[in-house]
Amino acid sequence: MTPVSSQSSMRTVQVLGGGNTASGAHVRSLAAGLVARGVRVTVCAPVEADHTYDFTGAGAEHVHVPRSSDPGSVAALRAACTGADLVHAHGLHASFRTVLALGGRHTPLVVTWHDRPRAEGPRAHFLRLLERRVVRAATVVLGTTSALVDRARRTGARDARLAAVSLPGRSASPAPDDPDRLRPKIRAELGAIGRPLLIAVGSLERHRGYDVLLDAAHAWRRLDPVPLVVLAGEGPLRGELQRRIEDEELPVRLVGRREDVTDLLAAADIALLPSRYEARSPLAQEALRAGLPLVATRVGGIPELVGDAAELVPYGNARALADAVTGLLGDPGRRDQLRERGVRQAADWPTEDETVAQVLSVYDELTRPRPMV
């Protein structure tokens, strides 16, 4: 039986910026779980985020708050937070605007770090200043990895804790034993008949490490049959990557943003995650739940997330990435071992129900009336 909050009349405000896939899906899942427990939830996010994640469909009230570049965003957020028992912000920019909006109020503020900001030069210094301002103003900082919790503590957080964050939309049970329902159709569509299919999913941005992936693809051209690498996602590097693929005649396809990522993974032989940094990667979680062997970089929260259920390589090392994939393609026994380990590892991750329960316990702790002294 689902527990109900001891403060069923509690009103919380969830603040989301643009909302990447992980944070947007988490807020949607969290909103649905809190509403089911009798908590009133307002989600402050751009209107396009509500179109994508359907917060209102989860039973929450949605208030349009423009992105941080809009000068009216703080005022809109201040109005939406009036009368809230607790405010929960997700991501650095959304959290900073929330700190400004709550200036002078004694409303408890919970901040979740789903990832760490990526920048270089003067902008990196600016983002560190924002981080410091946010964590020192927050009542509690929740980090999705131990590294993020440690970072929050070093930055000045008075209370930083590891967050239980589930993969929304998935049950706690492992993937079905037969993942081949759409496998032949998907492989035919992608052009992977009679050859291995390697899948990477994520925005086409510099930190994803796709330049290293293309370097590694040179080695795979010598294999027989030649594996096909499929990159699912969009982003500013699409033109640059496509030119390299054509000029260097690489066995790589860019298929754009896809809504059928689960089916793509079910059709693939190996998932690839060559990123420079990842916190709690949705692709890694999807791959292990699906029993799909994963080759990933040993960065950020990946080792903590996957344990011994993936092949881990150093970031930026194209030779190590190429050799790991080549070794797996030639070793069916190792692939089977990773499939089994992946399903076991995924079974230990928190469910959506457990995630909501942990967050609600933090809310109750922070809003519980204090005894008179």
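Residues numbered from 1 in each chain as written. Predicted model: local features only at pLDDT ≥ 70, side-chain atom pairs only at ≥ 80, totals over all residues. Heavy atoms only, no water.

Caption draft 1: Focus on the overall build of the protein chain. A count of helical and extended segments in the protein chain gives 15 helices and 13 strands. The C-alpha radius of gyration computed for the protein chain amounts to 22 Å, which stays within 12% of the reference 21 Å derived for 373 residues, consistent with globular compactness. Here the protein chain holds 373 residues, and 52% of them are scored as buried. Here the contacts in the protein chain between residues at least 6 apart in sequence split such that 65% fall between residues at least 24 apart. Surface accessibility of the protein chain: about 16600 Å² in total, with carbon and sulfur atoms responsible for 50%. (Helix = DSSP H or I, 4+ residues; strand = E, 2+ residues; numbered from the N terminus. Rg over C-alpha atoms; globule rule 2.2 N^0.38 Å. Buried < 20%, exposed > 50% of the residue type's maximum accessible area, 1.4 Å probe, protein only. Contact = heavy atoms within 4.5 Å. Areas by Shrake-Rupley, 256 points an atom, 1.4 Å probe, with all protein chains shown as cover.)

Caption draft 2: Local environment of the pattern of salt bridges. Scanning all chains against the criterion turns up 18 salt bridges. Put simply, Arg 258 and Glu 189 hold a salt bridge, and the shortest N to O gap is 2.9 Å. One end of the pair, Arg 258, is in the loop between strand 10 (252-256) and helix 10 (261-267); the other, Glu 189, is in helix 7 (residues 183-190), with 69 residues separating them in the sequence. Arg 244 is the salt-bridge partner of Asp 215, the closest N and O atoms lying 2.8 Å from each other. With Asp 215 in helix 8 (residues 210-220) and Arg 244 in helix 9 (residues 238-247), this pair connects stretches of sequence that are 29 residues apart. Through salt bridges that share partners, Asp 159, Arg 161 and Glu 365 make up one connected network. (Salt bridge = Lys/Arg side-chain N within 4 Å of Asp/Glu carboxyl O.)

Caption draft 3: Geometry of the layout of surface pockets. Taken as a whole, the second largest pocket encloses approximately 360 Å³ of empty space. Lining the second largest pocket are 17 residues, and of these His 106, Thr 107, Pro 108, Thr 139 and Arg 158 sit closest to its centre. When the residues that make up the lining of the second largest pocket are grouped by side-chain class, the tally is seven nonpolar, five polar and five charged. (1 Å grid on protein atoms, 1.4 Å probe; cavity = no way out; pocket = protein on both sides within 12 Å on 5 of 7 lines; lining within 4 Å. Points joined across faces, edges and corners; volume = space filled by probe spheres on them. Nonpolar A, V, L, I, M, F, W, Y, C, P; charged D, E, K, R; others polar.)

Caption draft 4: Representation of unusual backbone geometry in the model. Here the bond from Asp 224 into Pro 225 is cis, since omega is 0 degrees, no more than 30 degrees from zero. In this model, Asp 54 sits at a positive phi of 55 degrees, which is unusual for a non-glycine residue. On the secondary structure map, Asp 54 appears in the loop between helix 2 (47-53) and strand 3 (61-64).

Caption draft 5: Here's a closer look at helix 7. Taken together, the buried positions of helix 7 are Ile 186, Arg 187 and Leu 190. Down the axis of helix 7, the buried set is contained in an arc of 95 degrees. They therefore lie on one face. Residues Pro 184 and Lys 185 are exposed on helix 7 and point more than 90 degrees away from its buried face. On its buried face, helix 7 is in contact with strand 8 (197-201), strand 9 (228-232), strand 10 and helix 10. Note on helix 7: the residue one or two positions beyond its end, Gly 191, has a positive phi of about 85 degrees. (Arc of directions from axis to C-beta.)

Caption draft 6: Focus on the pairing of strand 3. Across four bridges, the pairing between strand 2 (residues 40-45) and strand 3 is parallel. Bridging from a neighbouring strand, Cys 44 pairs with Val 63 of strand 3. Assessed by its sense of winding, the connection that carries the chain from strand 2 through helix 2 to strand 3 is right-handed. (Pairing = 2+ DSSP bridges. Right-handed = clockwise from strand over helix to strand, strands pointing away.)

Caption draft 7: Spatial organisation of the pairing of strand 6 (residues 140-143). Residues Val 140 and Leu 142 point to one face of strand 6 and Val 141 and Gly 143 to the other, with burial holding for every one of them. Bridge count for strand 5 (residues 109-113) against strand 6 is four bridges, and the pairing is parallel. Counted as the bridge partner of Trp 113 is Gly 143 from strand 6. Two elements, strand 6 and strand 7 (residues 160-162), share three bridges in a ladder whose sense is parallel. Bridging from a neighbouring strand, Leu 142 pairs with Arg 161 of strand 7. In terms of handedness, the path from strand 6 via helix 6 (residues 146-155) over to strand 7 forms a crossover that is right-handed.

Caption draft 8: Structural detail: the side chain of Gln 14. With respect to the helices and strands, Gln 14 occurs in strand 1 (residues 11-16). One polar contact links Gln 14 to Tyr 363, side chain to side chain, over a distance of 2.9 Å. If sequence neighbours within four positions are ignored, Gln 14 has contacts with Val 27, Leu 30, Leu 34, Val 41, Thr 42, Val 43, Cys 44, His 88, His 90 and Tyr 363. (Polar contact = N/O pair within 3.5 Å; in protein donor to acceptor, adjacent residues only side chain to side chain.)

Caption draft 9: Region of interest: empty space enclosed by the protein. Per the counting criterion, the structure on display carries one cavity of 30 Å³ or more. Approximately 30 Å³ is the volume attributed to the largest cavity. Grouping the constituent residues of the lining of the largest cavity by class yields five nonpolar, three polar and no charged.

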